[in-house]
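Structural overview
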Amino acid sequence: MLRTVNATRYVLPLREGGSLPAIVEADDLGLYVVKFRGAGQGALALVAELVAGEIGRVLGLNIPEIVFVIIDDALGRNEPDYEIRELIKNSAGLNLALDYLPGSTMFDRAANDKITPEIASLAVWFDAFTQNVDRTPRNANLLLWHRKPYFIDHGAALYFHHDWVTMPQKIESPFAEIAQHILLSWAAQIPSASQIAHRRLNPPILAEILAGVPNEWLKAARAGADPGEIRSAYVDFFLRRLAASPIFEEEAIRAHARLV
Ligand SMILES: Nc1ncnc2c1ncn2[C@@H]1O[C@H](COP(=O)(O)OP(=O)(O)O)[C@@H](O)[C@H]1O
Ligand SMILES: [Mg+2]
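Here we summarise the structure given alongside this text. (Residues numbered from 1 in each chain as written. Chains lettered and ligands numbered in written order. Predicted model: local features only at pLDDT ≥ 70, side-chain atom pairs only at ≥ 80, totals over all residues. Heavy atoms only, no water.)

So, the coordination of the magnesium ion (ligand 2)
For the magnesium ion (ligand 2), the full set of protein donor atoms is Asn141 (OD1) and Asp153 (OD), at a range of 2.0 to 2.3 Å. Of this pair, Asn141 sits in the loop between helix H3 (117-129) and strand S7 (142-145) while Asp153 sits in the loop between strand S8 (148-151) and helix H4 (167-171), placing them 12 residues apart in sequence. Residue Asn141 is classed as buried on the basis of its relative accessible area, which comes to 5%. For Asp153, a relative accessible area of 22% gives the class partly exposed. (Donors = N, O, S within 2.8 Å, 3.2 Å for Na, K, Ca; no water. Helix = DSSP H or I, 4+ residues; strand = E, 2+ residues; numbered from the N terminus. Buried < 20%, exposed > 50% of the residue type's maximum accessible area, 1.4 Å probe, protein only.)

Observations concerning the pattern of salt bridges
Close approach of charged atoms allows side chains with opposite charge to pair. Considering all chains together, one arrives at 12 salt bridges under this definition. Here Glu65 ties to Arg3 by a salt bridge, and the two come within 2.8 Å at their closest N and O atoms. Placement of the pair is Glu65 in the loop between helix H1 (43-59) and strand S4 (66-71) and Arg3 in the segment before strand S1 (4-13), with a sequence separation of 62 residues. Exposure remark for Glu65: the relative accessible area of 31% places this residue in the partly exposed category. Of the residues examined, Arg3 reaches a relative accessible area of 36% and is grouped as partly exposed. Here Glu86 makes a salt bridge to Lys89, at a shortest N to O gap of 3.2 Å. (Salt bridge = Lys/Arg side-chain N within 4 Å of Asp/Glu carboxyl O.)

As for the sheet that holds S7
Taken in spatial order, the 3 strands line up as S6-S7-S8 in an open sheet, and their pairing is antiparallel. The sheet is open, and its two borders are formed by strand S6 (105-106) and S8, each paired with just one other strand. The pairing of S6 with S7 spans 2 bridges and is classified as antiparallel. Bridging from a neighbouring strand, Thr105 pairs with Leu144 of S7. (Pairing = 2+ DSSP bridges.)

Put into structure tokens, the structure is as follows:
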């Protein structure tokens, strides 16, 4: 079960991506990076952030704690920036946030940052499994904090949920985009990452992750459908993609071999 906190202070916008997340203080005095429900990408980006993030955690990757954050529309009342005021107003109610990692830096090959083959292979497997294109050298979405890698920004993963009609074709996608993955050159242990993933991902664990997604956000995934059915459809996708994992694993192994 994710914790729920109440936002008490808007601290700072983070203007890197287009979605305008922000550092917000909450009533537990913690700082969080809030992903706003009212941002252009909508509630589905929050579903992806939560579901992919928790899958990454089950796999053993470091993911900052994910919490629900309740936003009162008065929070943005005194913000001078019109865009920010509107975003907060449109996000009143339930939103998603990640624990803020103070002093973290973005993983940067040019700065000679390195990673172990175990973590790189697991990360490549994870991003191919969840079809996440946002882990490239230009846009690493990988923070180093106290020398450990932390994976963030999974809002663009699970792109099948934008079009359920073509979802069946995506189950067996080799995910050629893995060639752009920032950690690919270190990912020399895809087969053992696969073994770990197959041991850790199973129907009850996936169902538990989906159970944590609010009904209102699921409705954005498939208008008119019953939330329980939508949850099952996600679990079904993941189980079938897990069964088809050799397809994207072979693609990743080939892409890795081209680099080394
Ligand atoms: N948990 C966190 N701790 C510290 N900084 C973060 C955290 N999450 C995000 N950031 C910073 O905010 C930036 C934007 O967040 P991100 O989740 O990547 O959203 P987007 O790319 O959609 O704007 C990141 O590139 C990173 O610099
Ligand atoms: Mg990002």
